[in-house]
Amino acid sequence: MGKFRKEGSKEVPQVSTSSLPDIVYMLIFFFMITTSMRDVELKVKTAMPKASEIQKLERKALVSSIYIGPPRDTKLGTESRIQLDDAFARPDDIADWIMKERESRAEADRPLLTTALKVHKDTRMGVVTDVKQELRKVGAFRINYTTLKGSALENQR
Amino acid sequence: MAKKVPEINSSSQADIAFLLLCFFLMTTSMDVDYGITRRLPPPIEVNDEDVKVKERNVMNVLINKNDRLLVNGRPSDISLLKDQAKEFMTPRPNDPTAPEVETKTFDLVGDVLMSKGVISLQNDRGTSYAMYISVQNELARAFNEMKEELAVQKFHKHLDQLNEDQTKAINDAVPVRVSEAEPVVYGNN
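Reading guide: rules and limits
Residues numbered from 1 in each chain as written. Chains lettered and ligands numbered in written order. Predicted model: local features only at pLDDT ≥ 70, side-chain atom pairs only at ≥ 80, totals over all residues. pLDDT = per-residue confidence, 0-100. Helix = DSSP H or I, 4+ residues; strand = E, 2+ residues; numbered from the N terminus. Axes fitted to C-alpha atoms, helices over the stretch in contact; angles between N-to-C directions. Parallel < 35°, antiparallel > 145°, perpendicular 65-115°, else oblique. Left-handed = near helix turned anticlockwise from the far one by under 90°. Contact = placed C-beta atoms within 7 Å. Nonpolar A, V, L, I, M, F, W, Y, C, P; charged D, E, K, R; others polar. Buried ≥ 20, exposed ≤ 12 C-beta atoms within 10 Å, placed from the backbone.

Whenever I open this one, the confidence of the model for chain A confuses me. Can you help?
In the predicted model, chain A carries a mean pLDDT of 83, and 90% of its residues have values of at least 70. Here helix H1 (residues 20-34) of chain A stands out as the element of chain A with the lowest mean pLDDT, 83, in contrast to strand E6 (residues 114-119) of chain A, whose mean of 90 is the highest.

Would you explain unusual backbone geometry in this entry?
Note on backbone geometry: most residues besides glycine have negative phi, and most peptide bonds are trans. Positive phi values are uncommon outside glycine, yet aspartate 85 of chain A reaches one of about 50°. For aspartate 85 of chain A, the position within the fold is in the loop between strand E4 (81-84) and strand E5 (87-89). Although it is not a glycine, histidine 156 of chain B adopts a positive phi angle of roughly 55°. Mapped onto the fold, histidine 156 of chain B is located in the loop between helix H3 (129-155) and helix H4 (164-173).

I'm lost on the packing of H3 of chain B against H4 of chain B in this one. Help?
Helix packing for two helices is described by the angle between their axes and how far apart those axes are. All names here are of chain B. At a closest axis distance of 10 Å, the pairing of H3 and H4 adopts a crossing angle of 125°. Considered as vectors, H3 and H4 are oriented oblique to each other. Between H3 and H4 the crossing geometry is right-handed. Packed against H3, whose contacting residues are Lys147, Leu150, Ala151 and Phe155, the element H4 presents Gln166, Ile170 and Ala173 at the interface. Tallied by class, residues from the contact of H3 with H4 come to five nonpolar, one polar and one charged.

Help me understand the environment of leucine 139 of chain B in this model?
Residues and elements named next belong to chain B. Its place among the elements puts leucine 139 in helix H3. A count of 25 C-beta atoms within 10 Å places leucine 139 in the buried class. In sequence terms leucine 139 and glutamine 166 are 27 residues apart; their C-alpha atoms lie 22 Å from each other. Apart from residues lying up to four places away in sequence, leucine 139 is in contact with Ala85, Ile119 and Val178.

Quick question: what am I supposed to make of the packing of H1 of chain A against helix H1 (residues 13-27) of chain B here?
H1 of chain B packs onto H1 of chain A with a crossing angle of 20° between their chain directions and a minimal axis gap of 9 Å. The pairing of H1 of chain A with H1 of chain B is recorded here as roughly parallel in orientation. Regarding H1 of chain A and H1 of chain B, the two cross each other, and that crossing is left-handed. Counting all contacts with H1 of chain A, which are made through Leu20, Pro21, Val24, Tyr25, Leu27, Ile28, Phe31 and Met32 of chain A, the residues of H1 of chain B involved are Gln13, Ala14, Ala17, Phe18, Leu20, Leu21, Phe24 and Leu25 of chain B. Of the residues in the contact of H1 of chain A with H1 of chain B, the class split is 15 nonpolar, one polar and no charged.

Written as structure tokens, this is what we have:
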């Protein structure tokens, strides 16, 4: 029996780090898959109001966002502007933009397309109403007023 | 004698992988968007006949350009709006000033006394978006509380504990009856 016992083997062997890269690679793959780089550069401020009766926006691939708010570039004034994709737009451009968004989705998904309105809280409703009227004209009826979580009563100062 | 190629030292592989990991950790954004989902009504035809709704069945909510509320012609406040909406939508068969009521039968829920009331929301072009969202939120809260009450009464469970069929039944029995008035343009502002 004593034959198998090595002399002076009381020392704990070093922990092998050869599998460390593999573990890290696994983490990388996880983050690579879950990551979603911001697809548009925001040209308007969108500090959204708070609301409590909110639902989660399901299936992000079927959501197109319209940003409305005062321009970040203060030289352009403080009047709220509409941003579609990467550029400022006028309400007349929305119809074409919705068509384009529909084209880029699969046929079966098109009726499920939701338009998320990401609107700055100080925006006047006039702009928002114009946008909503345009959306109604092209039949994009599903909308979502994107908000933050919180109590709506805090919106009033 | 063949030259021996030295093995590539792979001890820095972990460091490279860590760098990549840090990059993705920082750029990743797993934010989920939340919001109030609404369905816009289809555009009205020009020669569409006006649907006559009895005055007692409508609760008018007006928001002016200074974010002041007017409920049925009387000034109100955002903190009171939820209770006002709830009171209006609660069926009161013996009150001649309250909206008309009807009894409808639904699967799972059975007979439900429903109010025919509609909440009509109108805002000015100068209303702030924050106020508009607050009002939408308070009205939604009124309906959600009524759904919750019905769920407790019929299923003895909270709204978020119901199964899919029960949730659908409750949603049918308590429809969110908020209609937005057609925007009116006064002058050319």
